[in-house]
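Here is what each chain is made of, one letter per residue.
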Amino acid sequence: DAESLPTSAGPLFCGAPEYFFGWVDNRSSVYHVFVLENRTNQPLAVRLVEPSSGESGEAVVQNLVLPPGAKHPANLAFSPREQKGEVTRDFLVELPDYPGQTLTLRFRGEARQAVQLEPERVAFGTIPVDGAVTQQVILTFHTSWPLRVDRATSLSPHFRAEVGRNEAGPGYRINVSTAPP
């Protein structure tokens with residue numbers, strides 16, 4: 001299990017600093033509203049920052065001033081583009097008037113390809129002149145709508161493709177074979 005995130009930093013409070021989004025297609029974006037609360041009787045300046053692992057450093061997403069005692073929605077989004085598997089994306093809430101006080105807001109879930117091929121590439125190695133070599137590819141759909149494959153073909157006359165249900169799990173099995181001359 002993941003560590004539990006603190007719900008406050010100085011006078012700033014967030015009752016649910018972590019959003020578990022389940023799974024999403026890794027070509028889409030994830031949106032969530034975190035509710036920030038100023039627990040003082042003074043206006044509170046906050047800066048939402050998206051830390052970066054690249055050379056560009058941090059990106060300020062929003063600068064806000066929360067009225068005394070007010071709750072304020074922080075609308076955040078991120079894209080798990082090109083990521084697979086478990087994904088965690090953190091945003092930091094910095095308090096300029098309270099140096100060193102930060103609150104972490106976290107997105108957590110799983111990114112998948114809507115259509116997944118395993119393996120993504122097949123190698124046939126040395127092919128005998130008079131024999132066929134067959135490699136198997138599993139096609140899996142990670143969608144909320146049903147998809148069906150009725151047939152598979154090859155554009156090359158040197159290969160054949162056959163499709164069938166994957167007996168070992170969800171999706172389809174595609175057998176790709178060399179076609180001897």
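To keep things clear, this report deals only with the structure shown in the data block. (Residues numbered from 1 in each chain as written. Predicted model: local features only at pLDDT ≥ 70, side-chain atom pairs only at ≥ 80, totals over all residues. Heavy atoms only, no water.)

### Structural notes on the overall build of the protein
Logical step 1: When helices and strands are tallied, the protein shows zero helices and 13 strands.
Logical step 2: Starting at the N terminus and ending at the C terminus, the protein contains elements arranged as β-β-β-β-β-β-β-β-β-β-β-β-β.
Logical step 3: Rg of the C-alpha trace for the protein: 25 Å, well past the compact-globule value of 16 Å for 181 residues, more than 25% over.
Logical step 4: Taken along its principal axes, the extent of the C-alpha atoms in the protein is 85 × 35 × 30 Å.
Logical step 5: Here the protein has roughly 11,300 Å² of accessible surface; of this, 50% comes from carbon and sulfur atoms. (Helix = DSSP H or I, 4+ residues; strand = E, 2+ residues; numbered from the N terminus. Rg over C-alpha atoms; globule rule 2.2 N^0.38 Å. Areas by Shrake-Rupley, 256 points an atom, 1.4 Å probe, with all protein chains shown as cover.)

### Things to note about the environment of Leu92
Logical step 1: Relative to the elements of secondary structure, Leu92 occurs in strand S8 (residues 85-94).
Logical step 2: Along the primary structure Leu92 and Glu50 are separated by 42 residues, whereas in three dimensions their C-alpha atoms are 6.3 Å apart.

### Focus on the sheet that holds strand S4 (residues 30-38)
The strands that make up a sheet are held in pairs by hydrogen bonds between backbone atoms, and each pair lies either parallel or antiparallel.
Logical step 1: Strand order in the open sheet formed by four strands is S1-S2-S4-S7, and the pairing between neighbours is antiparallel. Strand pairing shows two members of the sheet lacking a second neighbour, strand S1 (8-9) and strand S7 (71-78), which therefore form its edges.
Logical step 2: One ladder, built from eight bridges, connects S4 with S7; its direction is antiparallel. Within the sheet, the bridge partner assigned to Phe34 lies in S7 and is Ala74. (Pairing = 2+ DSSP bridges.)

### Brief notes about the pairing of strand S12 (residues 159-165)
Logical step 1: As defined by bridge partners, S12 adjoins strand S13 (residues 172-178) across seven bridges and the pair is classed as antiparallel. Counted as the bridge partner of Ala161 is Val176 from S13.

### Section: unusual backbone geometry
Logical step 1: For the bond running from Glu118 to Pro119, omega is -5°, close enough to zero to count as cis.
Logical step 2: Note that Pro119 resides in the loop between strand S10 (115-118) and strand S11 (134-141).

### A closer look at the nonpolar core
Logical step 1: Leu12, Leu36 and Leu105 are the most contacted members of the largest nonpolar core, which totals 24 residues.
Logical step 2: In terms of residue count, strand S9 (residues 102-112) provides more of this core than any other element does, four residues in total.
Logical step 3: Each residue touching Leu12, except ones within four places of it in the same chain, is listed here: Thr7, Leu36, Glu37, Leu44, Val46, Leu66, Val93, Leu95 and Leu103.
Logical step 4: Counting eight residues, the second largest nonpolar core, distinct from the first, contains Phe124, Leu139, Tyr172 and Val176. (Core = buried A, V, L, I, M, F, W, Y, C linked by side-chain atoms within 4.5 Å. Buried < 20%, exposed > 50% of the residue type's maximum accessible area, 1.4 Å probe, protein only. Contact = heavy atoms within 4.5 Å.)

### Let's talk about the packing of aromatic side chains
Centre-to-centre distance and the angle between the planes together describe a pair of aromatic rings.
Logical step 1: Evaluated as defined, the whole model comprises six aromatic pairs.
Logical step 2: Judged by centre distance (5.6 Å) and plane angle (90°), the ring pair of Phe34 and Phe107 falls under edge-to-face. One end of the pair, Phe34, is in strand S4; the other, Phe107, is in strand S9, and 73 residues separate them in sequence. Across the pair, exposure class does not vary: Phe34 and Phe107 are buried alike.
Logical step 3: A ring pair is formed by Phe78 and Phe107, whose centres lie 5.1 Å apart and whose planes are at 55°; its orientation type is tilted. Placement of Phe78 in strand S7 and of Phe107 in strand S9 is noted, with a sequence separation of 29 residues between them. (Phe/Tyr/Trp six-rings, centres within 6.5 Å; stacked < 30°, edge-to-face > 60°.)

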